[in-house]
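The lines below spell out each chain.
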Amino acid sequence: MTDNSYARPGAQVHLGVFFQGVNHTTIWSDPSSGSQIDFETFRRVALTAERGLFDAFFLGEGLRLREQEGKILDLDIVGRPDAITQLAALAGITRHIGLVATQNTTYNEPADLARRLSGLDLLSGGRAGWNAVTTDNAWTGENFRRGGFLDHADRYERAGQFLDTARAIWDAWADGAVATRTDAPSWATPDGVREVSRRTSQFDVTITPTLPRSGQGHPVIFQAGDSPAGRDFAAAHTDVIFSRHGTHFDAALAFAEDIRARVRRAGRPEDDVKILPGTQIVLAENASEVEEKVRWVLEGQYTGQTALSLVGQVWGRDLSDRDPDGPLPEFDPVPAPISVTRGAARDGKDPLAIAREWRALAEAQNLSLRQVAIATTQRSGFAGTPGQVADELTRWVRSGATDGFNISPYLVPTGLDEIVDLLVPELQERGSYRTEYEGSTLREHLGLRPALSRREVESRQAVG
Amino acid sequence: MSLVLGIELDGEGAHPEAWRRAAHTPDRLLTGRTVADRVAAAENAGFTFASFDDSLLPPGAGGGPVGRIDAVNRAAFVAATTSTIGLVPVVGTTYAEPFHTSSQLATLDYASRGRGGWIAARDTDPRVASALGRAEVTAPADLAQEERDAITVVRDLWDSWEDDAVIRDYATGRFLDRDRVHYLDFQGETYSVKGPAIVPRPPQGQLVVFGRAGDTDPSLVDVVLVSGPTVEDTVEAAVRAKAGGAVLVFAELDVALGASTPAQPSGRVSFAGGATGLVDLLRTLDAHVDGVRLHPAVVDEDLPVLARFVVPALLRAGIAHRPVPGSTLRGTLGLDRPVTRFQAERLEHSSR
Ligand SMILES: Cc1cc2nc3c(=O)[nH]c(=O)nc-3n(C[C@H](O)[C@H](O)[C@H](O)COP(=O)(O)O)c2cc1C
């Protein structure tokens, strides 16, 4: 595969910061690691990102604490704010940066979620984004009235209908519906606000929406999901994909080409959907220190207990009394996923197959259990001097593998500082990063075309 | 006695024509600037809390404003730009998901460092059900049941993390003490909630919960809001609420200082006149209630008068007190920070 199949010489690197909330990637044992929940932590990260001229600050979402073996997982950072509420608070103290809330389409209703998102969009002056996720955690439903959960196919069906309904709600107010003079005949023109009525397999909604369109039309739509159904959903409905292909160039390029093909098939220009993979960046000022810094980061992320827990998720049993620096278990995993394993490492695959793969890897490279856990589950992203990493990020974007990156700092709240202080200037020197915010909305930061539904309306008008 | 001063800041004011007398053009109502300026003015004036009305439905008709940003978002937007004023949004109890409500309000409490409150309000209009695709709840007993369940679940979720659940124990590699994080296993009439919360226990432990007299069981809330068409009715309602076990009772009051056009009948005492008259009325009420929530007829006309004349007079007279920076809303209202339900159970257990 060549680097130049989709060369874009002047392309700019877009950066976001992904404040994950729940993960083992944040090194909580470091003395500089702050509270995962105090507002000060979020303020600091958001203001640093804004100082670094980032497009967006992202919050993830999880609606039930993770469990393993029927017990709450106690090894990782856990406990996080409600995303939209927290971003509204950050909107009050930031001026430029986009604010993206991960919100699932399964345990929300369009009338409510669309309204809360456009409230954030209006308060922030057009800086809101919505990372629409579908939630693959079966047990989350137990916290909600609907109970239960939807299977994979139905989740994207619901997500598609959800987005259509949300867009109808966002577009219900005609532009200029609200009076601009206090002596106008009425506050809003009588036919300026339409009722929205939808009856689909998932929804039965009748509502008169209460909010006008924002400076960017409506919130920018992000998607995070990787299955074919997820990719088609993104190609048909969304503006940005928050992908997991942010480590290997070839895989990222292949993913991007797959997405571009799907976007074309959906009848949109192929660059209509931007791709921002999640990634981790480890910087060292001298090339000779890079390897050591990477090792330090990985060892902080993969404590012995965390490694045992990740392997335990595959093996389907508690391994916490084993030696993380010893070998993988000699016995086989519990074959059926009967023990309610609710972690990430297994990822829906057959545990016996994963165990075979991991054993082969351990044997070939003489790896301990902990080293296998690191080798198989870490998505390390980029490591190097600021100059080296700036070259790499620029190459990725200019060869069409991505449009930018969504960085998860491994230290919170201080981890973004060195990215902004050291990496951003290197990118700017290469001409691949903005030197000031040119626009005021998130849609403008990302270089997106106008909101999809509005374009559809306009093209329909042009045809009709 | 000390009178807690609250102000309702929804829309342009309680009067349907208030938008015509706003200090900005109508299309500026739904902006962060308008929200922030007004809350800042209320904080500077010395109000103890600002409240934000809400519903999924358009707020007005008859040519008035039909737009409204949701109340939690507005409260959160000013949380980090203010330092003393309590921020109290309305969130419905009939259809909203209590799990979401609990997380949103706990987050508001973190962002405001313990200045969050909640007006738990029933959604009596069945059009809310149509918007959400839910079955209508209209019978008073059913509305009451939903409200009881919602408040119970939200409060229990705030209690589901003990205060010291995050341990960061380097030796064992444990971030959390899982024995200090609790499932609720709530089983209500119409739904169940597993828990625990995803947001750790909020700074106040429990946000200050407000309910309306006649609707809400006083044992579920911290503040009961009473109203009546006359001062006598209001005082009577306050006496009844106290007798019913209300911890704090606040009176609802319509005020029209600038416009001196009384608002439409709202079921609340309606004051129209000058600052001195209002100060006298509040002195009278001070003998019977713990606080008031003022509903200005026209926010942009009444808030400046309240700030320049009414609140300073009450502060000078020692009837009202400016909240102290760094205090929580609970602290300002003289309420304790409760121990969690679960910790209380354990303490009881170990003392037996
Ligand atoms: C990079 C990335 C980030 C994600 N973040 C979240 C999240 O914060 N909350 C969540 O519930 N799901 C999250 N998801 C999960 C997806 O929404 C989706 O449920 C999951 O990937 C399964 O869908 P798929 O089979 O199409 O990949 C994320 C997925 C990816 C790839």
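Not measured: the values here are computed from a predicted model.

Q: I'm lost on the site of the ligand in this one. Help?
A: Residues and elements named next belong to chain A. Around the ligand lies a shell of 18 residues, among which E61, H152, Y156, D226 and S227 are the nearest. In this structure, an oxygen atom belonging to the ligand sits 3.2 Å away from a side-chain N or O atom of T134. For the ligand, an oxygen atom lies 2.7 Å from a polar atom in the backbone of A224. Contact with the protein chains removes 84% of the 610 Å² of surface that the ligand exposes when unbound. At three residues, helix α4 (residues 152-170) tops the list of elements feeding residues into the shell around the ligand.

Q: Before we go on, may I ask you to explain the packing of helix α1 (residues 39-51) of chain A against helix α2 (residues 83-91) of chain A in this structure?
A: To characterise two packed helices, one gives the angle between the axes of the helices and the distance between these axes. Residue and element names in this part refer to chain A. Viewed as axis vectors pointing N to C, α1 and α2 meet at an angle of 60°, and their least axial separation amounts to 11 Å. Taken together, the axis directions place α1 and α2 in an arrangement best described as oblique. Here α1 and α2 pass one another in a crossing that is right-handed. Residue-level contacts link F39, F42, R43 and A46 of α1 to Q86, A89 and L90 of α2. Here the residues of the contact of α1 with α2 sort into five nonpolar, one polar and one charged.

Q: For this particular structure, what's the right way to read the nonpolar core?
A: Generally speaking, soluble globular proteins have nonpolar side chains that are buried together. Counting 188 residues, the largest nonpolar core has F54, F57 and W130 of chain A together with F47, L278 and L282 of chain B as the members making the most contacts within it. The element contributing the most residues to this core is α4 of chain A, with eight residues. L328, W358, A362 and I374 of chain A belong to the second-largest nonpolar core, a separate cluster that totals 19 residues.

Q: What exactly am I supposed to notice about the domain arrangement of chain A here?
A: Accessible area lost when the parts come together is the quantity often used to give the size of an interface. Residue and element names in this part refer to chain A. For chain A, the assigned domains are domain 1 (14-280 + 380-462) and domain 2 (289-377). Once you take the C-alpha centre of each, domain 1 and domain 2 turn out to be 31 Å apart. The junction of domain 1 with domain 2 conceals about 1800 Å² of combined surface from both sides, 54% of it contributed by carbon and sulfur atoms. In this structure, the connection of domain 1 to domain 2 is made through one salt bridge. Of all elements in the fold, only β3 (67-68) and β14 (382-384) reach the threshold of two or more residues within the side of domain 1 that touches domain 2.

Q: I keep staring at the UniProt feature "domain: Luciferase-like" (unreviewed entry) in chain B and nothing clicks. Help me out?
A: Under the UniProt annotation, "domain: Luciferase-like" (unreviewed entry) lies at residues 32-211 of chain B. Counting secondary structure, residues 32-211 of chain B comes out at 34% helix and 17% strand; the distance between its end C-alpha atoms is 27 Å.

Q: Looking at this model, I keep getting lost on the environment of G16 of chain A. Mind explaining?
A: Residues and elements named next belong to chain A. Secondary-structure assignment places G16 in strand β1 (residues 14-19). For G16, a relative accessible area of 1% puts it in the buried group. Residues G16 and T238, 222 residues apart in the sequence, show an inter-C-alpha distance of 17 Å. If near-sequence neighbours (up to four positions away) are discounted, G16 is found in contact with F54, A56, F58, F405, N406 and I407.

Q: What exactly am I supposed to notice about the UniProt feature "binding site: FMN" (unreviewed entry) in chain A here?
A: Residues and elements named next belong to chain A. As annotated by UniProt and renumbered to match this structure, "binding site: FMN" (unreviewed entry) occupies T102, H152, Y156 and S227. Here T102 shows up in strand β5 (residues 98-104). Taking the relative accessible area as the measure of exposure, T102 reaches 4% and is therefore buried. In contact with T102, not counting residues within four places along its chain, are L59, G60, E61, A83, N131 and V133. Separated by 2.7 Å, the side chain of T102 and the backbone oxygen of L59 make a polar contact. With respect to the helices and strands, Y156 occurs in helix α4. In this structure Y156 comes out as buried when scored by relative accessible area, which is 10%. Setting aside chain neighbours within four positions, we find Y156 in contact with T134, Q223, G225, S227, A229, G230 and F233.

Scoring rules and cut-offs
Residues numbered from 1 in each chain as written. Chains lettered and ligands numbered in written order. Predicted model: local features only at pLDDT ≥ 70, side-chain atom pairs only at ≥ 80, totals over all residues. Heavy atoms only, no water. Near = heavy atom within 4 Å. Polar contact = N/O pair within 3.5 Å; in protein donor to acceptor, adjacent residues only side chain to side chain. Areas by Shrake-Rupley, 256 points an atom, 1.4 Å probe, with all protein chains shown as cover. Helix = DSSP H or I, 4+ residues; strand = E, 2+ residues; numbered from the N terminus. Axes fitted to C-alpha atoms, helices over the stretch in contact; angles between N-to-C directions. Parallel < 35°, antiparallel > 145°, perpendicular 65-115°, else oblique. Left-handed = near helix turned anticlockwise from the far one by under 90°. Contact = heavy atoms within 4.5 Å. Nonpolar A, V, L, I, M, F, W, Y, C, P; charged D, E, K, R; others polar. Core = buried A, V, L, I, M, F, W, Y, C linked by side-chain atoms within 4.5 Å. Buried < 20%, exposed > 50% of the residue type's maximum accessible area, 1.4 Å probe, protein only. Domains from an automatic or database assignment. Buried area = accessible area lost by both parts, 1.4 Å probe. Salt bridge = Lys/Arg side-chain N within 4 Å of Asp/Glu carboxyl O. UniProt positions renumbered as here; feature names shortened; annotations may be inferred.

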